[in-house]
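# Fold and geometry: a report
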Amino acid sequence: MNVKTAIKKVREKGLGYAFKYATMKLYSKTQSEDAPAKDKKAYNILLLTNRDSDNLGDQVIEACDIGLIQTVMKNLGVKETHYMINSRAAAIVPQKYLNTRDEKHLKNARKTIKGSDIVIFGGAPLFNYLYQTFYEKTAVTLEIAEEFHKPVIFSAIGVERYEEDNAKCQRLKKTLNFDCVKQITTRDDFDALQKYRESEHVTIGKVSDPAVFSDKIFENYTCKDKSKEKKKIGLFILRANGFVDNQIDFDREKAAKLWLDLMDDLKEKGYDYELLTSGHFGDEAFIDYLIRNHNVPLSKCVFNMNTPEKMIEKISSYDAIVSCRLHPSIIAFALDVPSIGLVWNVKVKGFYNSIGCQDRVIETPGITSKLLLEKIEQAMEEGVTKDKDYLCTVYNALFNSIQRIIYGEESDIKPYTYDEILKNMPVYSGTTPTEREEKLERKFRRTYNMYNTRFERNMEYQETIKKLKKEIEELKNNN
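These figures come from a predicted structure and were not determined experimentally.

A word on the packing of aromatic side chains. Two numbers describe a pair of aromatic rings. These are the distance of the centres and the angle of the planes. The full count for this structure, using the stated rule, is 13 aromatic pairs. Centroid distance F333 to F351: 5.9 Å. Interplanar angle 80°. Geometry classified as edge-to-face. In this pair, F333 sits in helix α14 (residues 326–334) while F351 sits in helix α15 (residues 346–354), placing the two residues 18 residues apart along the sequence. Between Y451 and F455, the aromatic rings sit 6.3 Å apart at their centres with planes inclined by 25°, giving stacked as the arrangement. You can see Y451 and its partner F455 sitting in helix α19 (residues 433–478), 4 residues apart, about one turn around the helix. For Y451, a relative accessible area of 56% puts it in the exposed group. Ring pairs connect the aromatic residues F218, Y221 and Y428, which therefore count as one cluster. Its end group placed over the ring of Y273, K300 keeps NZ or CZ at 5.3 Å from the ring centre.

Another point: the packing of helix α13 (residues 308–317) against α14. Running from amino to carboxyl end, α13 crosses α14 at an angle of 60°, the nearest separation of the two axes being 10 Å. The interaxial crossing formed by α13 with α14 has right-handed handedness. Between α13 and α14, the residues in contact are M311, I312 and I315 and P328, I331 and A332, respectively. Taken together, the residues of the contact of α13 with α14 sort by class into 6 nonpolar, no polar and no charged.

Moving on, we get to a nonpolar patch on the surface. On the surface, Y451, F455 and M459 cluster together into a nonpolar patch covering about 350 Å² of accessible area. Following the sequence through the fold, M459 ends up in helix α19. Here M459 falls in the partly exposed class, since its relative accessible area comes to 41%.

One pass over the structure, following the stated rule, counts 31 salt bridges. With its nearest N and O atoms 2.9 Å apart, the salt bridge here joins K269 to E377. Of the two residues, K269 sits in the loop between α11 (252–268) and β8 (272–276) while E377 sits in helix α16 (residues 369–382), which places them 108 residues apart along the sequence. For K269, a relative accessible area of 46% gives the class partly exposed. Members of the salt-bridge network, linked through shared partners, are R101, E136, E143 and R171.

With that settled, consider the nonpolar core. Ranked by size, the top nonpolar core spans 103 residues in total, and within it L235, W259, L275, L342 and I402 carry the most contacts. The element best represented in this core is helix α17 (residues 388–407), accounting for 11 residues. Other than its neighbours up to four places away in sequence, W259 contacts L235, F236, I237, F286, V322, C324 and L342. If you look at the next biggest cluster of nonpolar residues, it comprises 37 residues, including Y129, F134, L193 and V202.

Let's shift gears to the environment of V322. Among the structural elements, V322 can be located in strand β9 (residues 320–323). Along the primary structure V322 and L398 are separated by 76 residues, whereas in three dimensions their C-alpha atoms are 31 Å apart. The contacts of V322, once residues within four sequence positions are left out, are G234, L235, F236, W259, I340, L342, L372 and I376.

What follows concerns the side chain of K439. With respect to the helices and strands, K439 occurs in helix α19. Despite being buried, K439 has no salt bridge partner; E62 is the closest side chain of opposite charge, sitting 5.7 Å away. Residues in contact with K439, not counting those within four places in the same chain, are Q59, N306, P308 and T431.

All right, on to the side chain of T307 then. Positionally, T307 belongs in the loop between α12 (281–294) and α13. T307 gets classed as buried once you look at its relative accessible area, which sits at 8%. Residues within four places of T307 in sequence aside, it is in contact with L56, Q59, T431 and R436.

A separate point is unusual backbone geometry. Non-glycine residue H149 carries a positive phi angle of around 60°. Structurally, H149 can be placed in the loop between α6 (134–147) and β4 (152–157). Phi at N295 takes a positive value of approximately 60°, unusual for a residue other than glycine. Inspection of the secondary structure puts N295 in the loop between α12 and α13.

What follows covers the pairing of strand β7 (residues 232–236). Burial of β7 is extensive: 5 of the 5 residues sit out of reach of the surface. Judged by which residues are buried, β7 turns out to be covered on both faces: K232, G234 and F236 on one side and I233 and L235 on the other are all buried. The sheet contact formed by β7 and β8 spans 5 bridges and is parallel. Following the sheet pairing, K232 is matched in β8 by D272. The sheet contact formed by β7 and β9 spans 4 bridges and is parallel. Its bridge partner lying in β9, I233 is registered against A320.

Of all 6 residues making up strand β5 (residues 181–186), 5 are buried, and the element is well covered by its neighbours. When β4 meets β5, the two strands line up parallel, connected through 4 bridges. Bridging from a neighbouring strand, F154 pairs with I184 of β5. The parallel pair β4 and β5 is bridged by helix α7 (residues 167–176), and the resulting crossover is right-handed. Where β5 and strand β6 (residues 203–206) come together, 4 bridges link them in parallel fashion. Pairing of I184 across the sheet is with I204, part of β6. Chirality of the crossover, the property in question, places the unit of β5, helix α8 (residues 190–196) and β6 among those that are right-handed.

Calculation rules
- Residues numbered from 1 in each chain as written.
- Predicted model: local features only at pLDDT ≥ 70, side-chain atom pairs only at ≥ 80, totals over all residues.
- Heavy atoms only, no water.
- Phe/Tyr/Trp six-rings, centres within 6.5 Å; stacked < 30°, edge-to-face > 60°.
- Helix = DSSP H or I, 4+ residues; strand = E, 2+ residues; numbered from the N terminus.
- Buried < 20%, exposed > 50% of the residue type's maximum accessible area, 1.4 Å probe, protein only.
- Lys NZ or Arg CZ within 6 Å of the ring centre and 35° of its normal.
- Axes fitted to C-alpha atoms, helices over the stretch in contact; angles between N-to-C directions.
- Left-handed = near helix turned anticlockwise from the far one by under 90°.
- Contact = heavy atoms within 4.5 Å.
- Nonpolar A, V, L, I, M, F, W, Y, C, P; charged D, E, K, R; others polar.
- Patch = residues over 30% accessible without salt bridge, like charges linked within 9 Å, V, L, I, M, F, W, Y side chains within 5 Å.
- Areas by Shrake-Rupley, 256 points an atom, 1.4 Å probe, with all protein chains shown as cover.
- Salt bridge = Lys/Arg side-chain N within 4 Å of Asp/Glu carboxyl O.
- Core = buried A, V, L, I, M, F, W, Y, C linked by side-chain atoms within 4.5 Å.
- Lys, Arg positive; Asp, Glu negative; His and termini not counted.
- Pairing = 2+ DSSP bridges.
- Right-handed = clockwise from strand over helix to strand, strands pointing away.

Okay, here's the thing in structure tokens:
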């Protein structure tokens, strides 16, 4: 079977741009006269993103990262037949390993990293340590990459705050300064990133999010007909405890009141609206709560946001959006749809600052639906303005880092201009039925896991209640 036939079969089976390791091996054994002039080798690029998240923002990042890498390789003169992108979940180090520290659970991660020529972390919040375990998975991944001398690039990642006296933070910092780490760029907290870096060989920078290229990557899935009687506003809902989890005093009932008031104000001003999410099951559960407990019309709610192209189509159909989650705002920006961001995480404010729209992000203290409506109307009047130099930063950083890894310092190839990037960037091929089923399965299993966790916690509470009741009875009897 030749290489082109193998690729065709892989694509037909629903893997899109992300090729399986078996196909990567086929490439790595292929030597051709038109291979890169430097060493005539094929490059196996391991891309690590949150591709398995049901948050569609992460799936958009994966598609945009793949498009950016493909464009960079074309820019560098590396033909499609001489590199492979193996797109995997950023959590390549399984939770079972963190729970047991049994090396057998690292077998697949070690094999995959060893077989790669470049490791790229794309877009995911890989520094999270406050209430997630991503930091440790990232640290272990870097330990493996260091062992096998594999160059690592962090591209446009989310950075959690730096804490000098936090052991988790310092654990991560140590591995980020390994020799294998060549570049770290962030889309948000550059000040914190500077504190993580100690080794001068690690280049750092602040760049745009890969999703700013959503308009090109997903151009086949944007809404082509916006003709409607009323302007329509998309309201992207965050899970009920999303603000509280980030130490913000804005609980479920406060959030519910804001959305209900905003819907009333939009109707009064003659606007249409829809409530929707970027796919997280917890966000969709909050919409269901609003329907069941506050009489929000089901007809005004969008459920089952399970593919990135569906979210692209929805956002592109609106005249403006309001979002708590970051990536609906970034995607809306890419699609020239004005957006208003509610701050539940510092990264939201960071994005709006980077595009010069600080007035379109709102903190929750003192927030009202009237203020939100005023901001929505102002944003629609002003529209969206883009700085091409800013948009190119994520591409340029990735280009420079990959160029140095492949060609060293002697290459004088220049990165594409913004217009050249768009001209050469491939578009997303769509979610296949197989991929759609895989996404749904992951989402359902997360929901089941949440249910089982809550059930077990409830059982523990019941046992505690029994013990306390028994102790109370004993105290009464003793008295």
